Amino acid sequence: MNRPPTASELNLCLCHSCGQACDTSANPDECERCDAPLHRRKVHSLTRTWAYMLTALAFYVPANLLPVMNTSMLGSGADSTIMSGVLEFWQHGAWDIALIIFIASIAVPGIKFVALTLLLVTVQRNNQWARKERSKLFRFVEVIGYWSMLDVIVVALVAALVRFQALGTIEPRLGILFFGLVVVFTMLSAMSFDPRLIWENPHNEEMPDGVANH
Amino acid sequence: MASQTTDKPLPPGQPAIKTRRFSVSLVWIVPIVAVLVGISLVVHSILQQGPSITITFKTGSGLTANKTDVKYRNVVIGQVTDVELSDDQKNVNATIKLSKQAESFTREDSQFWVVRPRIGAGGVSGIDTLLSGDYIGADIGQSDTRANRFTGLENPPPITYGEPGKRFTLHTQDLGSLDIGSPVYYRKIPVGQVVAYALDADGKGVNIDVFVHAPNDAYVTENTRFWNASGIDVSVGANGFALKTESLSSMLVGGIAFLAPPYSPDDKPASEEHSYELFADQQTALAPPNGKGQYLNLRFDQALRGLTVGAPVEFLGIEFGKVVSINLDFDEKKRSFPVNVGIVIYPQRLGEANTKMLTVLKHDPNDEAGGVRLIGSFIEHGLRAQARSGNLLTGQLYIALDFFPKADKVVFDPNARPVSIPTIPGNLEQLQEKLEGIVNKINQLPIERIAGNLDGSLVELRKGLGQFNAKTLPSVQNTLADVSKTLQSASSTLAEDSPQREQLTQTLDELSRMSRSLRELSDYLARHPESLIRGRPDNAAPSDLQGPPRK
């Protein structure tokens, strides 16, 4: 192969903490310099990604079914879920806002689930298909991760601002907590995923996960 | 470390798998917890899920899906989840999800109504809904059977939340100015209200349900009388002008008052749902009871203008009944239109007279045939009905039952029902008859003939006058002219300078002289009567009158 040697070929491993290139030929557990644990790959990357993603998926259901916000105007309160908010905006003609909420709150988590599942499945099957594109997909998932918090921030802001006692009050409801958890766990899931696994060569690396253990 | 080096040649990952299994279980706790949380939420919501009911309203005004609450004592017990038209488009069906603890509101007789601002004469309610929006009020029922379809009330029930008190039913002829919510007064203190009203099964009266709140419901006794205290009662009596009303509110929305008569022995609080009669006013309510009424039929052969249903029936001047019906009839034999008047009399109103009569005649008031026989004997003694004028100005009539011993005998049929009392014409009718007789006589006069004769005479007279004008008058005129001429000539004859006048004057002078001579002669003869025989003595006459001396 006409390429520079990889770190694993040279039995080298970067310390995550201080950046020291450690010699792994002796299978050291810790960095020689700062005693931080040494990992060639992220620890239990696939398992954790799977676990966090499934957690997020579990929370995704109540996040969409439970009301996220209670708007009470002049004494008459009404709970609204994310989807009902989207529909309400849509019906009132504000299709742009409806679209933003829909994309940020429902589509983006959905895309993340699909993307992460795709990545996980292909990595586990050592699939060589479209590795560059999958790498791009992962970066995209990481980038859009924060934007899902839009809803949580809106509810937090509005609930803090709209406090006119009897005239009008907006209160957060349980749904927004689950929604926040969905975002947190999808981000954790994305963080647990090691994009280097995409490039793992099945021929010179028999057991990518097994090696990553230490 | 050593174990790891020995592991190298072995199938890889044996210890790694061990450690992985350990760490895997740690990581998988997170999704397990998440799923558990989700399941707990589902279980919780299933446990919290109350029954779902459908309420039918006339309109969907104020009902919004997922917004309108259902409240009991101002606590939210459910929410409207759906509002839609009924299949026949005549009503609105509101689907309501009740909370778990509100399950008892599915009792069959639970009530639901829309609370919205209401402003009426009786008061203002539901003002808070102006701001908060309408909500559905609920009241729990008592029934043991459950239902999931209810009919919403149009108006909030006046009595809710199992308030202590008693319901009573009042029976009356018409509702008057009463309405649901009209107050019920006891000694002018509002102690309850009208909660419902409905027509009788046969539509001949109104049943009014009133609710008297505890503890004042104890004052409703079995002898209690209810009367309509609506409006203003103005009475003019010997004491002057009296105006009575329960309260300003009862003037506007009507009201009912109740009181037990002052002397009510063996009185005890009435039981729930006790039924009473609702009297028109306090006076009739507290009057002694009428007792059993007796329906009688009267047949008048005259027009009864001024007799109205409700007109009093008097017996010897004492009111003891009223007119209940006036119907025109057709008599086939006489080919006339008599008037059938139905009256109801209450003999008990005659008071002591009635009781004494009953004891003396040993008559049982419940013996119907005996009562009829009694009436028959009265009729034999001359009992007659008469329509009399009670008010000459308005011409109002009343029925008087009186004894007319001179009245024509009438055959009384004791088996006829309704019992019929013979009638005689009233005073005014008698007068009218006499007047009619006079008019008839006048009618019989041969006025036409008289008029014809008179007309002929007048024609003759006219002819005579024409003749008179044409013939007689001119000759009269001629005559008058002649007379005038005659008079003129007479006048000229008598003129002062006329010779006739002159002659006349002379003649008169002569005459006067002659008369003087005659007087002298008579005087002389009086003094010398002998001269008639002897002639005049010489000395006898005055010298001047002495005749020439006799020689």
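Quick caveat: nothing in here was measured; it's all calculated off a predicted structure.

(A) Seen up close, the overall build of chain A. Of the regular secondary structure elements, chain A holds seven helices and five strands. Secondary structure elements in chain A, listed N-terminal to C-terminal, are β-β-α-β-β-α-α-α-α-β-α-α. Taking all 214 residues of chain A together, 30% fall into the buried category. Put simply, of all contacts in chain A between residues at least 6 apart along the chain, 61% involve residues at least 24 apart.

(B) Spotlight on unusual backbone geometry. For the bond running from Ala214(B) to Pro215(B), omega is 0 degrees, close enough to zero to count as cis. If you check the backbone angles, Asn11(A) has positive phi at about 55 degrees while not being a glycine. Tracing the sequence through the fold places Asn11(A) in the segment before β1 (12–14). Its identity as a non-glycine residue notwithstanding, Gln89(B) has a phi of 60 degrees, on the positive side. In this structure, Gln89(B) sits in the loop between β3 (75–85) and β4 (92–99).

(C) View of the environment of Leu10(A). All names here are of chain A. Take Leu10: it is sitting in the segment before β1. Note on Leu10: 13 C-beta atoms within 10 Å, which makes it partly exposed. For the pair formed by Leu10 and Asp23, sequence separation is 13 residues and the distance between their alpha carbons is 8.3 Å.

(D) Fine view of the pairing of strand β17 (residues 256–259) of chain B. All names here are of chain B. Across the two faces of β17 the burial is the same, with Ile256 and Phe258 and Ala257 and Leu259 all buried. Here four bridges tie strand β14 (residues 225–228) to β17, and the two strands are oriented antiparallel to one another. Among the inter-strand pairings, Trp227 is bridged to a residue of β17, identified as Ala257.

(E) Quick look at helix α2 (residues 82–91) of chain A. Residue and element names in this part refer to chain A. If you check which residues of α2 are buried, you get Ile82, Gly85 and Val86. Looking down the long axis of α2, one finds its buried residues gathered within 100 degrees of arc, a one-sided arrangement. Two residues or fewer past α2, Gly93 is found with a positive phi of approximately 95 degrees.

(F) Layout of the sheet that holds strand β21 (residues 318–328) of chain B. Residue and element names in this part refer to chain B. Taken together, seven strands build an open sheet; the order of strands is β23-β24-β20-β21-β22-β19-β25 and the sheet is mixed. Edge positions in the sheet fall to β23 (383–389) and β25 (419–421), since each has one partner strand and no second. Direction aside, the axes of adjacent strands within the sheet are offset by 35 degrees on average. Where β21 and strand β22 (residues 339–345) come together, seven bridges link them in antiparallel fashion. Looking at β22, one finds that Asn327 is bridged to Asn340. Set on the sheet, helix α7 (residues 368–380) makes contact with β19 (294–300), β23 and β25; between it and β25 the angle comes to about 15 degrees.

(G) Structural view of the sheet that holds strand β18 (residues 275–279) of chain B. Residue and element names in this part refer to chain B. With respect to topology, seven strands assemble into a closed barrel ordered β10-β13-β12-β11-β17-β14-β18, the strand pairing being mixed. Each strand axis lies, on average, 35 degrees off the axis of its neighbour in the sheet, ignoring direction. Strand direction decides the pairing type here: strand β10 (residues 165–172) and β18, joined by three bridges, are parallel. In the sheet register, Thr169 faces β18, and the bridge partner there is Ser275.

(H) The arrangement of the confidence of the model for chain B in detail. Confidence along chain B averages 80 in pLDDT terms, with 88% of residues attaining 70 or more. In the predicted complex, the global pTM is 0.49; the interface-specific ipTM is 0.76.

(I) A look at the nonpolar core. Formed by 37 residues in total, the largest nonpolar core has its most connected members in Met53(A), Ala56(A), Phe59(A), Phe179(A) and Val182(A). For this core, the secondary structure elements donating two or more residues are α1 (45–65), α2, α3 (95–124), α4 (131–145), α5 (150–161) and α6 (174–192) of chain A. Counting residues per element, this core draws most heavily on α1(A), at twelve residues. In this structure Met53(A) touches Phe113(A), Leu116(A), Thr186(A) and Ser189(A), once residues within four positions along its chain are discounted. Of all hydrophobic cores here, the second largest spans 23 residues; its members include Phe168(B), Phe226(B), Phe258(B) and Tyr276(B).

What counts and how
- Residues numbered from 1 in each chain as written.
- Chains lettered and ligands numbered in written order.
- Predicted model: local features only at pLDDT ≥ 70, side-chain atom pairs only at ≥ 80, totals over all residues.
- Helix = DSSP H or I, 4+ residues; strand = E, 2+ residues; numbered from the N terminus.
- Buried ≥ 20, exposed ≤ 12 C-beta atoms within 10 Å, placed from the backbone.
- Contact = placed C-beta atoms within 7 Å.
- Pairing = 2+ DSSP bridges.
- Arc of directions from axis to C-beta.
- Axes fitted to C-alpha atoms, helices over the stretch in contact; angles between N-to-C directions.
- pLDDT = per-residue confidence, 0-100.
- Core = buried A, V, L, I, M, F, W, Y, C linked by C-beta atoms within 7 Å.

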